[in-house]
Amino acid sequence: MDVSTFRAWITEATRLVVDNTDHLTHLDAAIGDADHGINLRRGFEAAQAMLDETSPATPGAVLTTVGRALISKTGGASGPLYGTGFRQAGKTLGEDPDVSAIQLGTALAAALAGIRQLGAAAEGDKTMVDALIPAVDAYRAVVDIGGDLPEATRAAADAAARGLQATVGLPARKGRASYLGPRTIGHEDPGAASTVLILQALANATAGLAMERAAS
Ligand code: ADP
Ligand code: MG
């Protein structure tokens, strides 16, 4: 996975976040303060602009640039959390020009660790972590049996989607939604929903779909 595939990932993530801004905001309206879609759209558009301006030379630099943009522009709880995740992932990749399936797995695990360290959310607290934990596990399981990047990233996105569905039955224990506690049962967690989009974008990028879309 080279720098252009990482750029395709972020372009695709920005596209999916923009397309789903209203949906994410709607989810946040039910259990939070109705800004998640707007926050994330602002963050990803800023990340995209910063990438266009600076053209980072390596995959690691792409991710740390995205992290910096998300931290400074997204706002809300999700901005620092996603920003930290991207920065930690970028750090693990160092200066390598080409990233293997195993390295990407390490980067995803580092993103999860950074998010958990900052937000202190446990599995089942109804946050983005509930989508990311099963995604990291599913990714690893596929790589362990010799799966390639498209297979592993697709498995991660599918597992995240199942994790998102599981948040519906849970009461929120972290962030603004925790103020509503049991009244959040029956609703998807907005951050888990955006994690699914970001991982779907990754799967699309490694499958070459995102680049085909950009070329057409
Ligand atoms: P805010 O809650 O400040 O309005 P957003 O609406 O942008 O920020 O993001 C809300 C999402 O952030 C939640 O749906 C949840 O997934 C995630 N989140 C909130 N607090 C935490 C936390 N401590 N750890 C992990 N994720 C969290
Ligand atoms: Mg919110």
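Overview of the structure. (Residues numbered from 1 in each chain as written. Chains lettered and ligands numbered in written order. Predicted model: local features only at pLDDT ≥ 70, side-chain atom pairs only at ≥ 80, totals over all residues. Heavy atoms only, no water.)

### Some details on the overall build of the chain
Point 1. Helix and strand counts for the chain stand at 10 helices and zero strands.
Point 2. Along its sequence from the N terminus, the chain presents helices and strands in the succession α-α-α-α-α-α-α-α-α-α.
Point 3. Relative to the compact-globule value of 17 Å for 216 residues, the chain shows a C-alpha radius of gyration of 16 Å, a close match.
Point 4. For the chain, the spread of C-alpha atoms along the principal axes amounts to about 45 × 40 × 35 Å.
Point 5. The 216 residues of the chain split such that 54% are buried. (Helix = DSSP H or I, 4+ residues; strand = E, 2+ residues; numbered from the N terminus. Rg over C-alpha atoms; globule rule 2.2 N^0.38 Å. Buried < 20%, exposed > 50% of the residue type's maximum accessible area, 1.4 Å probe, protein only.)

### Overview of the side chain of Thr153
Point 1. Summarising the element assignment, Thr153 is placed in helix 8 (residues 149-167).
Point 2. Among the polar contacts listed, one links the side chain of Thr153 to the backbone oxygen of Leu149, at a separation of 2.8 Å.
Point 3. Only 3.3 Å separates the side chain of Thr153 from the backbone oxygen of Pro150, close enough to count as a polar contact.
Point 4. Beyond its immediate chain neighbours, meaning those up to four positions away, Thr153 contacts Leu104, Tyr139, Leu199, Leu202, Ala203 and Thr206. (Polar contact = N/O pair within 3.5 Å; in protein donor to acceptor, adjacent residues only side chain to side chain. Contact = heavy atoms within 4.5 Å.)

### Description of the pattern of salt bridges
Point 1. Per the stated rule, a full pass over the model turns up six salt bridges.
Point 2. One salt bridge connects Asp52 with Arg7, and the closest N-O pair in it is separated by 2.9 Å. Of this pair, Asp52 sits in helix 3 (residues 36-54) while Arg7 sits in helix 1 (residues 3-19), and the two are 45 residues apart along the sequence.
Point 3. The partner of Arg15 in a salt bridge is Glu12, with the nearest N and O atoms 3.1 Å apart. (Salt bridge = Lys/Arg side-chain N within 4 Å of Asp/Glu carboxyl O.)

### Quick look at the coordination of the magnesium ion (ligand 2)
Point 1. The protein atoms donating to the magnesium ion (ligand 2) are Asp28 (OD), Asp33 (OD) and Asp35 (OD), with metal-donor distances spanning 2.0 to 2.2 Å.
Point 2. Spacing between the donor residues of the magnesium ion (ligand 2) along their common chain follows D-x4-D-x1-D. (Donors = N, O, S within 2.8 Å, 3.2 Å for Na, K, Ca; no water.)

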